[in-house]
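# Structure at a glance
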Amino acid sequence: AMSYSPTNFDPNAFLDMPVDVVFERRPPLPVKAYTATISEVTPRQWQSKDKFNADGTPKAGIAYDVTLTIAIPLDVKDQLGLKTDSLTLKDSIMLDLNDQGGLDSSPGANRQLRMYREALDMNKPGVTFRARDMAGRMLLVQIKHEEYPLGSGNMQEKPASVAKL
């Protein structure tokens, strides 16, 4: 069997490498709460393809994309036959902005961000919050299953909610 080592890498041999086994989808993680670490928070501008403002311009805004490193407990690892101790999941926090372009702090606004801040113990009066400071912190992530693509019967895990560890 061919194997890869950086010292003898031959791109053509790699293209011709025979594979006689079927690659299979990994079964989704069971639906429950997992310990997770936020490895990255990245702001992203978005623009809707099919939703429009009253003036006809596409709806647009800003989201924080959150990269979560989910710790897989040993029993789940064994149950699913996984070789890895963690999996990466992405979550997006859609932001409600005020007229000045800052974060809307009126009651009920930025519910998703509030849930993350509360889960991370970063929603305290008199303590300045910066989204960047979420990185490296731990929390509980409740997993749900979502069919993707729709109609495929393939279930994949998505973050449903977050809570304090």
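Preceding this paragraph is the structure being described.
Quick caveat: nothing in here was measured; it's all calculated off a predicted structure.

### Describing the nonpolar core
- Leu29, Ile38, Ile70, Tyr116, Met134 and Leu139 are the most contacted members of the largest nonpolar core, which has 29 residues in total.
- Those elements that provide at least two residues to this core are strand 1 (33–52), strand 2 (58–71), helix 2 (74–80), strand 3 (86–94), helix 3 (111–119) and strand 4 (138–147).
- Those residues in contact with Met134 that lie beyond four places of it in its chain are Ile38, Val41, Ile93, Leu113, Tyr116, Leu120, Met122 and Phe129.

### Some points on unusual backbone geometry
- Cis geometry is found at the peptide bond from Tyr148 to Pro149, where omega equals -10 degrees.
- Its place among the elements puts Pro149 in the loop between strand 4 and strand 5 (155–163).
- Non-glycine residue Asp121 carries a positive phi angle of around 60 degrees.
- Relative to the helices and strands, Asp121 is located in the loop between helix 3 and strand 4.
- Residue Asp121 is classed as partly exposed on the basis of its relative accessible area, which comes to 41%.

### Some thoughts on the sheet that holds strand 1
- Strand order in the open sheet formed by five strands is 3-2-1-4-5, with antiparallel pairing between adjacent strands. Each edge of the open sheet is held by one strand with a lone partner, namely strand 3 and strand 5. For this sheet, the mean angle separating the axes of adjacent strands, direction not counted, is 35 degrees.
- For strand 4 and strand 5, the ladder comprises eight bridges, and the chain directions are antiparallel. When the sheet's bridge partners are listed, Gln142 is paired in strand 5 with Ser161.
- Relative to the sheet, helix 3 contacts strand 1, strand 2, strand 3, strand 4 and strand 5, its axis offset from that of strand 3 by approximately 130 degrees.

The rules behind each value
Residues numbered from 1 in each chain as written. Predicted model: local features only at pLDDT ≥ 70, side-chain atom pairs only at ≥ 80, totals over all residues. Heavy atoms only, no water. Core = buried A, V, L, I, M, F, W, Y, C linked by side-chain atoms within 4.5 Å. Buried < 20%, exposed > 50% of the residue type's maximum accessible area, 1.4 Å probe, protein only. Helix = DSSP H or I, 4+ residues; strand = E, 2+ residues; numbered from the N terminus. Contact = heavy atoms within 4.5 Å. Pairing = 2+ DSSP bridges. Axes fitted to C-alpha atoms, helices over the stretch in contact; angles between N-to-C directions.

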